[in-house]
Amino acid sequence: MINLTLPLDKGTVKSLKAGDSVMLNGTILTARDCAHKRIVELIKSGKPLPFSLKDAVIYYAGPCPAKPDTASGSCGPTTSARMDSFAPTLLNLGLGAIIGKGEMSNEVREAIKKNCSVYFAAIGGAGAFYGNAIKKSECIAFADLLSEAVYKLEVENFPAVVAFDCHGGSIY
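The text that follows walks through the structure, step by step, so that each part is easy to find. (Residues numbered from 1 in each chain as written. Predicted model: local features only at pLDDT ≥ 70, side-chain atom pairs only at ≥ 80, totals over all residues. Heavy atoms only, no water.)

**Topic: the environment of Cys-75**
Inspection of the secondary structure assignment puts Cys-75 in the loop between strand 3 (57-59) and helix 3 (87-92). On the accessibility criterion, Cys-75 (0% relative accessible area) is buried. With 36 residues separating them along the chain, Cys-75 and Ile-39 place their C-alpha atoms 21 Å apart. Those residues within four positions of Cys-75 in sequence are excluded, and the remaining contacts are Tyr-59, Ala-61, Gly-62, Pro-63, Gly-127, Tyr-130, Gly-131, Ile-134 and Leu-153. (Helix = DSSP H or I, 4+ residues; strand = E, 2+ residues; numbered from the N terminus. Buried < 20%, exposed > 50% of the residue type's maximum accessible area, 1.4 Å probe, protein only. Contact = heavy atoms within 4.5 Å.)

Below you can see the structure in the form of structure tokens.
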């Protein structure tokens, strides 16, 4: 198990290989389909984003509301392939890493390689487990999208596997 502190520096990204088990600690952003659509619309219209993509980590998830005395409810990964049409644009603008579930397109894999990024696979069906790894949660963009808004999460001991590395390796 490799313990990683987010955001990742390029040296760390280069050291990761497809199949590595990792434990993520630090800041991640959530964004699903609706948020990605808005992000790309802002980019295409030349408007500023409400957060920085530089070295950011986007988790393809929508957190459920928190119960009392918790930072978040269940927060499991959604199917990553649904973001295939958006991911290369965000990676080309400095996105450092993606967390999701399942395989992504060759175009995304090439963008990860080109931009020295990484794709982490999270465990499908483990939303309650991942919710427990969230220590702080704050909506930072598109609040009208509810659980599909962009949330800034602070996570501790968030397990994942390197699915695509920056060298072109893949667990798929």
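**As for the packing of aromatic side chains**
Counted under the stated rule, the structure contains 6 aromatic pairs. Centre to centre, the rings of Tyr-59 and Phe-158 are 5.2 Å apart; their planes meet at 85°, and the pair counts as edge-to-face. Here Tyr-59, found in strand 3, pairs with Phe-158, found in strand 7 (residues 150-164); they are 99 residues apart in sequence, far enough to count as distant. For Tyr-59, a relative accessible area of 0% corresponds to the buried category. Residue classification places Phe-158 among the buried residues on the basis of a relative accessible area of 0%. (Phe/Tyr/Trp six-rings, centres within 6.5 Å; stacked < 30°, edge-to-face > 60°.)

**Some words on the nonpolar core**
In this structure, Leu-24, Ile-28, Tyr-59, Ile-99, Phe-120 and Phe-158 are the most contacted members of the largest nonpolar core, which totals 60 residues. When residues of this core are assigned to their parent elements, the largest contribution, 9 residues, is made by strand 7. (Core = buried A, V, L, I, M, F, W, Y, C linked by side-chain atoms within 4.5 Å.)

**Thoughts on the pairing of strand 2 (residues 21-30)**
Burial runs high along strand 2: 8 of the 10 residues are buried. Alignment of strand 1 (residues 2-5) against strand 2, held across 4 bridges, turns out to be parallel. Each residue of the ladder has a partner; that of Asn-3, found in strand 2, is Met-23. The handedness of the strand 1 to strand 2 crossover, carried by helix 1 (residues 10-15), is right-handed. Summarising the sheet, strand 2 and strand 7 pair through 8 bridges and their orientation is antiparallel. Along strand 7, the bridge assignment pairs Gly-26 with Val-155. (Pairing = 2+ DSSP bridges. Right-handed = clockwise from strand over helix to strand, strands pointing away.)

All quantities given are derived from atomic positions and should not be read as evidence of function.
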